[in-house]
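These are the residues of each chain, in order.
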Amino acid sequence: MHDVAVVDQGQIGPVSVDPRPRVSDHELAWAIEAEAAGEATPAQLALLDAHPVEWRTGLARLLRQTEADLAKVRTLPGPERDQVVADFEQERSTLAAALSRLTGTRAELADPRTLDGPGEVRLQASWSDGRVVMWAAGPGTAPATDEELGERLAAVEAPAGGWWPHDPVPLPAGVSPNNKVPAPARAIGVPQALGWLVTVGAKDRPDGVGASVLWLGRVAVWAVDFVARGAIIPTVRNDGGTYRVAWAPALVDRAKLDALSRAMPGPVAALERTDARSLTLEVLGATVDAIVRDAAARLELPAPPPVVRTPGDVSEAVVTSLDGTPFTAPARLAAPLAERLERWAEPVSGPVDARLVVQLDPPDKGGAWFLSVLGPGQDGRMVPLEVALVDGRSKRHLADETVRLERLLPVLNRPGGQRRGEVVLSQDEAFELMGVTGPSLAAAGFDIRVPALSRRKPRPALRLTAEPVDASVVGAHQLADVRWSAVFDDVELTAEDIRRLAAEARPLIHSHGRWVEIDRVDLNEAAAALAERAHRTRLTGAEVLRHAVGLETSGLAGGTVVGGSGWAADLLARTEMVSTEAVANPEGFRGTLRSYQAEALAWLGFLDSAGLGGCLALDMGLGKTPTVLAHLARLEKPAGAGTLVIAPPAVVGNWAVEASRFAPKLKVIVHHGASRATAEELQSKAEKADVIITTYGTAVRDIDAISGIEWARVVLDEAQAIKNPASDVAQELRRIQARSRLALTGTPVENGLGDLWAILDFTNPGLLGPRAAFVSQLSAQAKDGRPSGEHALRALNGILVFRRTKAEPEVAAELPDKIDELDHCTMTPEQVGLYQAVIDRLVNAGESERRQGDILAAITALKQICNHPAAYQDDGRPLAGRSGKLARLEEIVDSVFAAGEKVLVFTHFAEWGKRLAEHLTARTKVPIDCYHGGLSRGVRDRMIADFQARKGKAALVLSLKAGGTGLNLTAASHVVLYDRWWNPAVEDQARDRAWRIGQERTVISHRLVCPGTVDERVEDVVAGKRHIADLVLPKSSSLADLNPDQLRVALGLRPDQLLTAEAEDTSSGDREEAA
Amino acid sequence: MSEGPRRNNANQAGKAQKRNQPRPPAEPTPAEFWKLAPKAAAPTRITPATDPTALVRSLGKPPLDHPGADRYLASVAQRAAGLATALAVAADILAASEED
């Protein structure tokens, strides 16, 4: 046999004249269906024989259609679903069999209906005396032995215990029904098998079990459903002289019972010669009984009477034996009680076809809720209860059901109703029915049709709807007429609506298709908020925007939402579209942006189009520079000046390098140092270049020239440099004219919300309002336990701020394990003077006096000077402000501490390491140790343990020699290599103190280098660009052979590369890693 | 709970009912025994009742001469619904609440 897929077979070929008589599609379809059902007439069979291709194609199409219909009806709700599904499955089975007959192949069904294929041995289950008897066999196979049976039971995780041997199950074999083959079997009680059966029954196609086991599982799941709904009734049974309480299912759905009975596989009844429906009810009853008895056994029931002599004693015996414990009682007393109990439960003990419907209509205009009860009429359709009670098919059952319903819903008996089963409810009563009584009625077996009720408390918000007064005015100054309303979920309420609701017993609104009760406190707050704003009918665009981002108090938990039109409303609507515009490979950019960078790029585009400034607040190491370069690269350079980037000296070089790497088409000019353009030249250079990069110090110094140029945009890198709005730097930079202002920082709220205001007020002057109001408003909103800074960033995120941190899982998932950064540091005048003095002394010594050791000593001295003047000659003076490297280190430590993280600082000068640790401790007020070889083992171990265990921010300085190997410092996520060593492997080892097994975060490694000094030439050696020998021996064979000029070239300062602090501060900034 | 081979004898009413039941089917042939029955529909997910005592309460006062009878019946229904819910959770067939 071959499987065939059920597909349509189109006819392809030349057009020809068909000699057969014409036949309509309908005739053919009827013939196909009749043949499949075995009911085709001779004429229909002849018709099909004459059209074999159409027959096969039509049958396949019909089968496919039936499968599609089957998939649809499986999703139907309601009690009829199972019956309908079973009917469609039967239909599909019939069609599949017909197709198999026709094609000689087996039709491959999308959902094979049987688990028991020919020749396949599977576990089977038979029902016998209230127990499950397990055996293993299949059609046309020999049964499994008892040992194999045990293995199969273990394989399907059947219960390990509770089994006992059972007589072999006689399986029919051969043609005669009397010819039997015994299958070794084991039995288990329902209570012991219950959990396993439910698990099996819950699966679609459980492995290793046959259809009979799955069927028992399905019945067990159904039993669980009864008990979970409380659809159970107690009965009293006579167990051969003793009595016991047995629990039975109530309100058994007749259609489902019939469907399950039809689906019962033959092996289930191998030991019970009874009809399928009775057997199904028996299995269902036994399973319900097992669950309820187990639960009742866990209750503390009263002690049974010692002797049962009176009717009262029998009642007491029943109550005390609800867990099924047998009790003895005279039949003359027990039998009548059993009968009374049976009559009591009669309304729910038989299978049911139709239920009473309790229907609550939504309120009319007067707020009245009409409740009506419907019952099945003569033709089965639902009619008013009073009609059904008179004309219905089973009047007695309906009367019983009506009594049951009225017990649970006494309001139906309220005097004054027009007809039985109809009553008008108050809002309070309607709410009670929707929320409490309705579910109880449903559990009791009634069909409840009430409007949906939500228990979720709606969150109130203010809505501001703006309409511009004059659409020709755009931007933050645009005036708009505004209208205020309150919003609860999707329901907008005016002040009048709120007054009306407040007067009702239960303030209900209809939201998202459900009725929801509004909290009275929220209602009062909304009324107060609207009253407070009643006079505010006209706002500027900036004011509207401030409301939207939470910078103006709303008084309601949901803040303010802005609708309508105008500059602010349009701008807010566009922010929602930004994430859909993310592009990872923008035009003009060489490289691929990470997802969050692509989103940031889309946000930058939004800012440009909206004429807004903003703060790109990506955590350190997340790639702010490449993101901004991608933005600049994809823009067309406007007429006039391009973009001015102002950055700390340490990152100016990096901007230039990354621009050439990622955006090579951008024309970039560095405006810094003594050889920079004059004020007159700058205008012309700015117009020719796409990007001009300068430092904060140079920008302030040249502010007259810079502010005289109309820039397309200005970018402040490490924008925390302007966090003090009163500082000269902040004041002077505000003079710069730019159509768009962008601030970059990883720590936008380093010292509080004031920092953020300073940055955003630079990017959008005046938009945020006064600093004090900004700080107090956002601080007041941070009620959810989050720091106010984080709350503010969340409120502004996507509009004026784009914030992403390494802690966000989706960001962390994209980051590499390690990020290496190279920071170019400045040299202070003191460092330059000392450096030059050492060179001069070396060069001026006579060649005959100069030895190789002197040159190596000079190199060490020069490296120490690059570190700090005090590292070369400790004069005891304070360290601050005397070294560009130290200033950069301070910035890194500040950023790391602001993020609550830890950093390791490596130097290969141990004495300098101690000074650094002391200096950083004094500056940050955080105790920072120096780990070096001069400490005892115990002290060093304690130092490491302290660092690892400390919560939150921490730093540790280590000498490269003592701390470079063997340590595990995974608590740190930042490493600073303060000075360079010749061998890159040594640095890698240092960095790997933090990056080891157990590290779960990205480790950022910062290498500090002073360009134009011996420091940078060591960097070249480390980077593999040069050899150590080349450094000092350009063409000579001995260090001592170098003449003075060669020495100056090898070790001297290179002014064109040197970054001098000049008059500007010695601060630098963090820099970006490559995308 | 007791276990082991046992057959429950029906009471008087049960016997009368049994007399009305259809006759037992004839012994099946192998083909009939292993015939393909329609597959039982996949089980619907279990939604426990918020008030599993409602059905018992709807029947009115039980015919038991015991002061706490209705209370004990309700307790059993409540506890049994809890156990059934636990079984549904274990088999991963508990329905999610509507507002989940």
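Being a predicted model, the structure only gives us computed values, none of them experimental. (Residues numbered from 1 in each chain as written. Chains lettered and ligands numbered in written order. Predicted model: local features only at pLDDT ≥ 70, side-chain atom pairs only at ≥ 80, totals over all residues.)

A.B. asks: I tried to follow the overall build of chain B on my own but got confused; where do I start?
C.D. replies: What chain B contains, in helices and strands, is 4 helices and 0 strands. Along chain B, helices and strands appear, N-terminal first, in the series α-α-α-α. (Helix = DSSP H or I, 4+ residues; strand = E, 2+ residues; numbered from the N terminus.)

A.B. asks: For this particular structure, what's the right way to read the overall build of chain A?
C.D. replies: Helices and strands together make up the secondary structure of chain A, namely 40 helices and 35 strands. Out of the 1075 residues belonging to chain A, those deemed buried represent 46%. Taking contacts inside chain A between residues at least 6 apart in sequence as the whole, the part at least 24 apart equals 68%. (Buried ≥ 20, exposed ≤ 12 C-beta atoms within 10 Å, placed from the backbone. Contact = placed C-beta atoms within 7 Å.)

A.B. asks: What is the right way to read the interface of chain A and chain B from this model?
C.D. replies: Reports often express the size of an interface as the amount of accessible area lost when the parts come together. Contacts between chain A and chain B engage 94 residues on the former and 68 residues on the latter. No other element matches the 10 residues that helix α11 (residues 331-349) of chain A contributes to the side of chain A that touches chain B. Residue composition of the side of chain A that touches chain B, grouped by class: 47 nonpolar, 22 polar and 25 charged. (Nonpolar A, V, L, I, M, F, W, Y, C, P; charged D, E, K, R; others polar.)

A.B. asks: Honestly, the nonpolar core in this entry has me stumped. Any pointers?
C.D. replies: With 307 residues, the main nonpolar core has V224, V227, I232 and I291 of chain A together with A80 of chain B as its most contacted residues. Examining the composition of this core, we find that 14 residues originate from one element, helix α7 (residues 211-229) of chain A, more than from any other. With sequence-adjacent residues up to four places away left out, V227 of chain A is seen in contact with I232, V288, I291 and V292 of chain A together with A80, A81 and A84 of chain B. Among the nonpolar cores identified, the runner-up in size contains 14 residues, and A31, L59, A98 and L99 of chain A belong to it. (Core = buried A, V, L, I, M, F, W, Y, C linked by C-beta atoms within 7 Å.)

A.B. asks: How should the sheet that holds strand β20 (residues 514-517) of chain A be read in this particular structure?
C.D. replies: Pairing between sheet strands relies on hydrogen bonds along the backbone, with the strands arranged either parallel or antiparallel. All names here are of chain A. With mixed pairing, the 3 strands of this open sheet are ordered in space as β15-β20-β19. Each edge of the open sheet is held by one strand with a lone partner, namely β15 (453-454) and β19 (508-511). Across 4 bridges, β19 lies against β20 in antiparallel orientation. Bridging from a neighbouring strand, S511 pairs with R514 of β20. (Pairing = 2+ DSSP bridges.)

A.B. asks: Help me out: how do you make sense of the confidence of the model for chain B in this one?
C.D. replies: Atom-level detail of predicted coordinates should not be read off regions where pLDDT is low. Residue and element names in this part refer to chain B. Put simply, chain B has an average pLDDT of 76, and 70% of its residues get 70 or more. Here residues 1-18 is modelled with pLDDT under 50, and outside its nearest four sequence neighbours on either side it reaches 27 contacts, counting other chains as well. At the level of chain-chain contacts, confidence expressed as ipTM amounts to 0.81, with global pTM at 0.55. (pLDDT = per-residue confidence, 0-100.)

A.B. asks: Whenever I open this one, the packing of helix α6 (residues 190-202) of chain A against helix α9 (residues 276-296) of chain A confuses me. Can you help?
C.D. replies: In helix packing, the relevant descriptors are the interaxial angle and the interaxial distance, both defined with respect to the helix axes. Residues and elements named next belong to chain A. Contact geometry for α6 and α9: axes closest at 10 Å, N-to-C directions at 100 degrees. With respect to each other, α6 and α9 are oriented roughly perpendicular. Of the residues in α9, those touching α6 at V190, P191 and L194 are A286, T287, A290, I291 and D294. Its residues placed into classes, the contact of α6 with α9 shows 6 nonpolar, 1 polar and 1 charged. (Axes fitted to C-alpha atoms, helices over the stretch in contact; angles between N-to-C directions. Parallel < 35°, antiparallel > 145°, perpendicular 65-115°, else oblique.)

A.B. asks: Whenever I open this one, α6 of chain A confuses me. Can you help?
C.D. replies: An α-helical turn contains 3.6 residues, so any two residues separated by three or four positions project in the same direction. Taking 1.5 Å of rise per residue, 13 residues should cover 18 Å, and α6 of chain A covers 17 Å from first to last C-alpha, within 8% of that figure. Considering bend angle alone, the principal kink of α6 of chain A is centred on W196 of chain A and spans about 35 degrees. Counting buried residues along α6 of chain A, 11 of its 13 residues qualify, which places the element largely inside the surrounding structure. Looking only at α6 of chain A, the buried set comprises V190, P191, A193, L194, W196, L197, V198, T199, V200, G201 and A202 of chain A. Those residues of α6 of chain A that are buried lie in contact with β4 (131-137), β6 (180-189), α7 and α9 of chain A together with α4 (69-90) of chain B. (Expected span 1.5 Å × (residues − 1). Bend = angle between axes of the 7 residues up to and from the residue.)

A.B. asks: Sorry if this is basic, but what is going on with the pairing of strand β26 (residues 691-695) of chain A here?
C.D. replies: Successive residues of a regular strand alternate their side chains across the two faces of the sheet. Residue and element names in this part refer to chain A. The buried count for β26 comes to 5 of 5 residues, which makes it a mostly enclosed element. Because side chains alternate across β26, one face comprises the buried residues V691, I693 and T695, and the other comprises I692 and T694, equally buried. Across 5 bridges, strand β24 (residues 643-647) lies against β26 in parallel orientation. Bridge pairing in β26 links V645 to I693. Pairing of strand β25 (residues 668-671) with β26, which is carried by 4 bridges, proceeds in the parallel orientation. Paired with I669 across the bridge in β26 is I692. In this region the chain leaves β25, passes through helix α22 (residues 679-688) and returns to the parallel neighbour β26; the handedness of that crossover is right-handed. (Right-handed = clockwise from strand over helix to strand, strands pointing away.)

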